[in-house]
Amino acid sequence: MARSPSDEAALSNDQAAQLQALYGEMEPEGLFPLWESLADLVLPQPRSPARPHKWDYADARAYLMRAGDLISAKQAERRVLILENPGLSGLSSITPSLYAGLQLILPGEIAPAHKHTQCALRFVMEGEGAFTAVDGEKAIMRPFDLVLTPGGQWHDHGNPTDTPMIWLDGLDIPTVRHFDASFAEHYEADQFPEQVPPGDSLNRYGRNMRPLKGATADRRPTHQPLFHYPYAEWRPALDALAASGDAPDPHMGHALEFLNPIDGGPIMATISAHVRLLPAGFETCARRSTDGTVFVVVEGEGMAWIDAQPMALKPRDIVVVPSWKALRLRADNQIVLFGYSDKACQEKLNLYKEDNL
Ligand code: GTQ
């Protein structure tokens, strides 16, 4: 957008012609006039290039299973279909800061050990008994479990069961790309050697307690000891909140955020995650926030309106709500949602903002 003309600011034809000539000469030197683009650079409010979008799980799953027939998890390193936002073509991003993908591990397969700067979460869509191992500790995964692989930690995946395992990967790939800060390494073997029995960290840190002599017994980073948040624990917690007698929040419903038990902060440096429950018949008021959010429908049917664009919701659908788009939800029967966003990162940068409409 060009400068906004005012009486005094209006350019004469001669001035305009001379400016165009100046721009033409400067351009090869990498110099450009701010006054021609200021209004596009410093926006009065977010204008996300990301679009509201929904992926039907059954449709995506069919493509993923076809990929499973054609390439092994080991050949692919990670056999994943990227959920790319239609407004962010070619960027492998679901929002400008976040990535999402659906990962398939077939019976008997492994995805070899590697580590990278990027932080990842896994939200299990189907299958039971496959694992994600982080620094040699397995989290045995069940439907709708949340498992973290924080940046810098060796991780591998494997499926010793006889059914396919599919989960949603949520990573901060675009954020790390933005900062030009990506490092990645392969481990010398397919699997990082097992260090402790499965569930060790959950046993030590998953009950709102921590080992008194943590430092001597600890293998995990002291700032991030917990990486498994089982459905078997978060789902009853959500029910208990709903049964507490408090009315659901008019904009959120009953909502619980996943926390890092060490500091009560978000689960990872760049990614926050939460779950919400909307009772049958409940309809939220519209709400917008600067953290574009990826939702998975865990249970229930209903409707979402994203800036008035309607989307029918059913179990395992994946929906993205871009920054500053107003979201309204209606639960036909009881709805449970999982959501993740870059709120953790925005709060550190003093950028986060929300608006209850
Ligand atoms: O499982 O480590 O979807 O490194 C994208 C990049 C999954 C993983 C993805 C990854 C992974």
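Residues numbered from 1 in each chain as written. Predicted model: local features only at pLDDT ≥ 70, side-chain atom pairs only at ≥ 80, totals over all residues. Heavy atoms only, no water.

Of all five residues in strand E17 (residues 302-306), five are buried, a share of seventy percent or more. The alternating pattern of E17 places Gly 302, Ala 304 and Ile 306 on one face and Met 303 and Trp 305 on the opposite face, and all of these are buried. Relative to strand E18 (residues 309-313), E17 runs antiparallel, the two sharing five bridges. Looking across to E18, one finds that Ile 306 is bridged to Gln 309. Between E17 and E18, which pair antiparallel and follow one another directly, the connecting turn spans two residues, one of which, Asp 307, has a positive phi of 45 degrees. Strand direction decides the pairing type here: E17 and strand E20 (residues 327-331), joined by five bridges, are antiparallel. The residue bridging Trp 305 from the neighbouring strand is Arg 328, located in E20. (Buried < 20%, exposed > 50% of the residue type's maximum accessible area, 1.4 Å probe, protein only. Helix = DSSP H or I, 4+ residues; strand = E, 2+ residues; numbered from the N terminus. Pairing = 2+ DSSP bridges.)

The biggest cluster of nonpolar side chains holds 52 residues, and the ones touching the most others in it are Leu 102, Leu 121, Phe 123, Leu 146, Leu 168, Phe 338 and Tyr 340. Discounting chain neighbours no more than four positions away, the residues touching Leu 102 are Tyr 57, Ala 60, Leu 64, Arg 79, Val 80, Leu 81, Leu 83, Met 125, Ile 166, Trp 167, Leu 168 and Ile 318. Judged by nonpolar contacts, the second largest core, of 15 residues, contains Leu 278, Phe 295, Val 297 and Val 321. (Core = buried A, V, L, I, M, F, W, Y, C linked by side-chain atoms within 4.5 Å. Contact = heavy atoms within 4.5 Å.)

Residue placement: Arg 122 occurs in strand E5 (residues 120-126). Given the relative accessible area of 3%, Arg 122 is considered buried. A distance of 2.8 Å separates polar atoms of two side chains, one belonging to Arg 122 and the other to Thr 149. A distance of 2.6 Å separates a polar atom in the side chain of Arg 122 from a polar atom in the side chain of Asp 169. Ignoring sequence-local partners within four residues, the contact set of Arg 122 consists of Gln 103, Thr 132, Met 141, Asp 145, Leu 146, Val 147, Thr 149, His 155, His 157, Trp 167, Leu 168 and Asp 169. (Polar contact = N/O pair within 3.5 Å; in protein donor to acceptor, adjacent residues only side chain to side chain.)

Looking now at the site of the ligand. Surveying the vicinity of the ligand reveals the residues Arg 78, Val 80, Tyr 99, Gln 103, His 114, His 116, Arg 122, His 155, His 157, Asp 169 and Leu 171. Arg 78 is positioned such that a nitrogen or oxygen atom in its side chain is 2.8 Å from an oxygen atom of the ligand. In the environment of the ligand, an oxygen atom lies 2.7 Å from a nitrogen or oxygen atom belonging to the side chain of Asp 169. Here the ligand has 290 Å² of accessible area as a free molecule, and 89% of this is covered by the chains. (Near = heavy atom within 4 Å. Areas by Shrake-Rupley, 256 points an atom, 1.4 Å probe, with all protein chains shown as cover.)

Moving on to the pattern of salt bridges. Two side chains of opposite charge can pair, provided their charged atoms sit close to one another. By the definition in use, this model includes 18 salt bridges. The salt bridge partner of Asp 40 is Arg 47, with a shortest N-O separation of 3.0 Å. What makes Arg 47 exposed here is its relative accessible area of 53%. The salt bridge involving Glu 299 is made with Arg 235; its shortest N-O contact spans 3.0 Å. Taken together, the residues span a long stretch of sequence, with Glu 299 in strand E16 (residues 293-299) and Arg 235 in helix H8 (residues 231-242) at a distance of 64 residues. You can call Glu 299 partly exposed: its relative accessible area is 21%. A single network of salt bridges, built from pairs that share partners, joins Lys 54, Asp 56, Lys 314 and Asp 317. (Salt bridge = Lys/Arg side-chain N within 4 Å of Asp/Glu carboxyl O.)

On to unusual backbone geometry. Across residues other than glycine, the phi torsion is negative in most instances, and most of the peptide bonds are trans. Non-glycine residue Ser 92 carries a positive phi angle of around 50 degrees. Here Ser 92 lies in the loop between strand E2 (80-82) and strand E3 (99-105). In this structure, Arg 316 takes a positive phi of about 75 degrees despite not being glycine. Relative to the assigned elements, Arg 316 resides in the loop between E18 and strand E19 (318-321). A relative accessible area of 25% means that Arg 316 is categorised as partly exposed.

Glancing now at the side chain of Glu 126. When you line up the elements, Glu 126 lands in strand E5. Within the structure, the side chain of Glu 126 is placed 2.8 Å from the side chain of Tyr 57, a separation counted as a polar contact. Contacts of Glu 126, omitting those with residues within four sequence positions, involve Tyr 57, Arg 61, Pro 164, Met 165 and Ile 166.

Only one face of strand E7 (residues 137-140) is covered, namely the face carrying Glu 137 and Ala 139; the face carrying Lys 138 and Ile 140 is uncovered. Sheet topology note: the strand E6 (residues 131-134)/E7 ladder contains four bridges and is antiparallel. Looking at E7, one finds that Val 134 is bridged to Glu 137.

Read across the sheet, six strands follow the order E1-E19-E16-E21-E14-E13 without closing on themselves; strand pairing throughout is antiparallel. Here the strands that pair on one side only, and so sit at the sheet edges, are strand E1 (53-55) and strand E13 (254-257). Ignoring strand direction, the axes of neighbouring strands in this sheet form an average angle of 20 degrees. The sheet contact formed by E13 and strand E14 (residues 272-278) spans four bridges and is antiparallel. (Axes fitted to C-alpha atoms, helices over the stretch in contact; angles between N-to-C directions.)

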